[in-house]
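# Topology and contacts: notes
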Amino acid sequence: MAAAGVVSGKIIYEQEGVYIHSSFGKTNDQDSLISGTLRVLEKDAEVIVDWRPLDDALDSSSILHAGKDSSSVVEWTQAPKERAHRGSERLNSYEAEWDMVNTVSFKKKPHTNGDAPSHRNGKSKWSFLFSLTDLKSIKQNKEGMGWSYLVFCLKDDVILPALHFHQGDSKLLIDSLEKYVVLYESPQDKRTLLVNCQSKSLSQSFENLLDEPAYGIIQAGLLDRRKLLWAIHQWKKIKKDPYTATMVGFSKVTNYIFDSLRGSDPSTHQRPPSEMADFLSDAIPGLKINQQEEPGFEVITRIDLGERPVVQRREPVSLEEWTKNIDSEGRILNVDSMKQMIFRGGLSHSLRKQAWKFLLGYFPWDSTKEERTELQKQKTDEYFRMKLQWKSVSEEQEKRNSRLRDYRSLIEKDVNRTDRTNKFYEGQDNPGLILLHDILMTYCMYDFDLGYVQGMSDLLSPLLYVMENEVDAFWCFASYMDQMHQNFEEQMQGMKTQLIQLSTLLRLLDSGFCSYLESQDSGYLYFCFRWLLIRFKREFSFLDILRLWEVMWTELPCKNFHLLLCCAILESEKQQIMEKHYGFNEILKHINELSMKIDVEDVLCKAEAISLQMVKCKELPQAVCEILGLQDSEVTTPDSDIGEDENVGLTSCPTAAFQCNSLPVLAANEARDDSPPEIPVSPNVSRLTPA
């Protein structure tokens, strides 16, 4: 048995007295029972299952490796001797074996004249290890049929020797594996557990994808084809689990992939835009931003936006100001004025519990106090009916409901890592964590189609913190999810749309900066992905997020104001990025490290100033008008004295007013036979004027 000191991975499970019956069914000779130690180890992005005889020295030449021979029947064989002697430092750890897991393939046994290969230790030939990602199924013994045993079947249909648990406890192993994979009964055979790695192991692999030492290896260009293929494989799954990919170091994931593509040759560091476009489309299919002209999309040329106004913010709305705007029956008197004040300064914390219910649409702005009380009673009944639906599911029922099991597993995992440094959620057995869990489980009943997707706990946490009430927090969360729903849908249409729109706005504001980003393979603005996915939740402090969200919920001063916030942040970082000639890696790293360092009031001022600057522009492109929810008074072509061909596809809308109806999310220009009629400028444009 290997000494504990040589194990470099974290041991999740360890059991001695796990036997292989080398001649089971033929003899009862005790010598045919090989006792060994079974371990489950966690190392970096992998989980390894390892069994070896108790008296087997750590000899990696005797390890059986999971792989596939493309040309012949798969059989067990020893690892090549030369791989076992790469240096004493590797011989004394799991590193050598780890590196071989995905590289050593099965081969035909090198038998000569029917002779089996000799072994220094007859028991060593039974040793094996495999990655949990290669596991296909686990077969169990029938209940009541002697001691328990398990048989592992790998994805290339290799069946490992049965492991017999003479002392029982095979259930503990299953429980350990279920921390990383979903196991469910096969419809054909209840004794067989099928493995679904995606929901758990993918997030695990992203969380541990790159630590800082690994980043140095990347910078040195020391990545091989195997790692590259693995990275691309994970990218293809990002659309299935966008939260994990972005929350635990999105920029590092992209560093890993792009440096793999580039290699160590400096001459290859600049990828052709078309090649980058093809690769990134794997991550979010359908995303096309600026790398090439798309038919039907408006060409944004350099436009003089005029001088940008100076914007100042006010103090948060006080309880006294709020009370003055409520009549005797509890109605909000001047909704527009109240929204303006909230947009300008946010809310004092004592007001949030009341005001957020209006901002999120839980309470109608014109409702009386009596109507709201009745509404809360109805919503309370509705909430607990939905909560009872999942609470009343028995263990037996849940065994046959893989979808509910998956949701519960993801929720439990996310809740245990959501805002745990906040006093409201810190510590074990915290009631706040229980409420987070119950609200998210109930939301699965509320929206069966979406269910739970990682990242939603980040959106709920501040709401529960403010409401301090399970029912109110749920309905505020449901309203917020109505706005955010597309971000979490499987096709990620909301994310694709927002990245395209952000690129359009940034190009209008600073085409030179956009061109620089494109020259560094960063034109897709993937470094903004996390910002958009959960509305800056990980970029600002918890208290700053309360301020930022309530300002955005006013829906002032324009539609998609959060995109202008992105522009404001990027504009602030433009000088450093360009003056220091940051490349792809440096840009991603720099943006990622802005987290918790951004001044929320400064960003809000800049974003509002940008919106005012745009609305005053007389030649604002139609694409931008649609993104910001502005209605055009007259679609014209600027510089009408220039030849017609020079302005094909470019339209503008003069000083614009806000449009009530939603406009198409994509800034696409369809062919128009007739110009739309002139629409007078609405007086509501005053909403863009500083108070």
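Residues numbered from 1 in each chain as written. Predicted model: local features only at pLDDT ≥ 70, side-chain atom pairs only at ≥ 80, totals over all residues. Heavy atoms only, no water.

Note the threshold: UniProt positions are given in the numbering used here, feature names are shortened, and annotations may be inferred rather than shown by experiment.
As named in an unreviewed UniProt entry, the protein chain is TBC1 domain family member 15, taken from Catagonus wagneri. Of the protein chain, the UniProt comment under Subcellular location (unreviewed entry) reads exactly: "Cytoplasm". The UniProt entry for the protein chain carries this comment under Function (unreviewed entry): "Acts as a GTPase activating protein for RAB7A. Does not act on RAB4, RAB5 or RAB6."

## So, the overall build of the protein chain
Let me state the cut-off plainly: For the purposes of this entry, the term helix denotes a DSSP run of H or I that reaches at least four residues, the term strand denotes a run of E that reaches at least two, and both are numbered from the N terminus. Only protein chains enter the accessibility calculation, which uses a 1.4 Å probe; a residue is then buried when its area is under 20% of its type maximum, exposed when over 50%, and partly exposed in between. Here the Shrake-Rupley method, with its probe set to 1.4 Å, supplies the accessible areas, and only the displayed protein chains count as covering residues.
Helix and strand counts for the protein chain stand at 26 helices and 14 strands. In the protein chain, which comprises 691 residues, the share counted as buried stands at 54%. Of the roughly 32,100 Å² of accessible surface on the protein chain, 49% is carried by carbon and sulfur atoms.

## Let's talk about the packing of helix H19 (residues 493-509) against helix H25 (residues 600-616)
Going by this rule: Axis definition: a line fitted to C-alpha atoms, limited for helices to the stretch in contact. Angles are taken between N-to-C directions and run from 0 to 180 degrees. Should an angle fall under 35 degrees it is taken as roughly parallel, and over 145 as roughly antiparallel, whereas 65 to 115 is taken as roughly perpendicular and any remaining angle as oblique. Here a residue-residue contact requires only that any non-hydrogen atoms of the pair lie within 4.5 Å. Only Asp, Glu, Lys and Arg are considered charged, only Ala, Val, Leu, Ile, Met, Phe, Trp, Tyr, Cys and Pro nonpolar, and every remaining residue, Gly among them, polar.
Direction vectors running N to C along H19 and H25 enclose 75°, while the axes themselves pass 12 Å from each other. The orientation of H19 relative to H25 falls into the category roughly perpendicular. On H25, the residues touching Leu-505, Leu-508 and Leu-509 of H19 are Ile-610, Gln-613 and Met-614. Across the contact of H19 with H25, the residue classes tally to five nonpolar, one polar and no charged.

## Quick look at the side chain of Lys-387
Defined as follows: Polar contacts, as counted here, are pairs of nitrogen or oxygen atoms within 3.5 Å of one another; within protein the pair requires one atom able to donate a hydrogen and one able to accept it, and residues that are adjacent in sequence qualify only if both atoms are side-chain atoms.
Along the chain, the position of Lys-387 falls in helix H13 (residues 369-391). Lys-387 sits in the buried class, given a relative accessible area of 12%. Side chain to side chain, Lys-387 and Glu-470 meet in a polar contact 2.9 Å long. Setting aside residues no more than four positions away along its own chain, Lys-387 makes contact with Asp-438, Thr-442 and Glu-470.

## As for the environment of Leu-404
Structurally, the position occupied by Leu-404 is in helix H15 (residues 402-415). Looking at Leu-404, the relative accessible area reads 4%, which means it is buried. Along the backbone, Leu-404 and Gly-451 are 47 residues apart, and their C-alpha atoms lie at a distance of 8.8 Å. Ignoring any residue separated from it by four or fewer positions in sequence, one finds Leu-404 in contact with Val-393, Glu-398, Met-441 and Met-445.

## A closer look at the nonpolar core
The cut-off we apply is this: Here, nonpolar core refers to any group of buried Ala, Val, Leu, Ile, Met, Phe, Trp, Tyr and Cys residues whose side-chain atoms link them within 4.5 Å.
Judged by nonpolar contacts, the single largest core of 122 residues is most densely connected at Phe-536 and Met-614. Leave out the neighbours within four places in its chain, and Phe-536 touches Trp-531, Ile-545, Leu-548, Met-552, His-562, Leu-565, Cys-566 and Ile-569.

## Details of the pairing of strand E2 (residues 33-43)
What counts is decided by this rule: Two strands pair under a simple rule: DSSP has to find at least two bridges between them.
Extensive coverage of E2 is indicated by the burial of 11 of its 11 residues. Going residue by residue along E2, you find Leu-33, Ser-35, Thr-37, Arg-39, Leu-41 and Lys-43 tucked away on one face and Ile-34, Gly-36, Leu-38, Val-40 and Glu-42 tucked away on the opposite face as well. Relative to E2, strand E1 (residues 10-21) runs antiparallel, the two being bridged by 10 bridges. Its bridge partner being in E2, Glu-14 is matched across the sheet by Arg-39.

## As for the state of the cysteines
A covalent bond between the sulfur atoms of two cysteines is what we call a disulfide. Heads up, the condition is: The criterion for a disulfide is a pair of cysteine sulfur atoms lying within 2.5 Å.
According to the stated counting rule, one finds zero disulfides in the structure shown. Of the cysteine sulfurs around Cys-514, a residue in no disulfide, the closest is that of Cys-567, at 8.4 Å.

## Regarding the pattern of salt bridges
Keep this limit in mind: We define a salt bridge as a side-chain nitrogen of Lys or Arg found within 4 Å of a carboxyl oxygen belonging to Asp or Glu.
With the rule as written, the count across this model stands at 31 salt bridges. In this structure, Glu-321 engages Arg-314 in a salt bridge whose closest nitrogen and oxygen atoms are separated by 2.8 Å. Note on Glu-321: relative accessible area 25%, which makes it partly exposed. For Arg-314, a relative accessible area of 29% corresponds to the partly exposed category. The closest approach of N and O atoms between Lys-574 and Asp-510, which form a salt bridge, is 2.5 Å. Here Asp-510 lies in the loop between H19 and helix H20 (511-519) and Lys-574 lies in helix H23 (residues 561-579), a separation of 64 residues in the sequence. Judged by its relative accessible area of 19%, Asp-510 falls in the buried class. A single network of salt bridges, built from pairs that share partners, joins Arg-313, Arg-352, Arg-547, Glu-550 and Glu-601.

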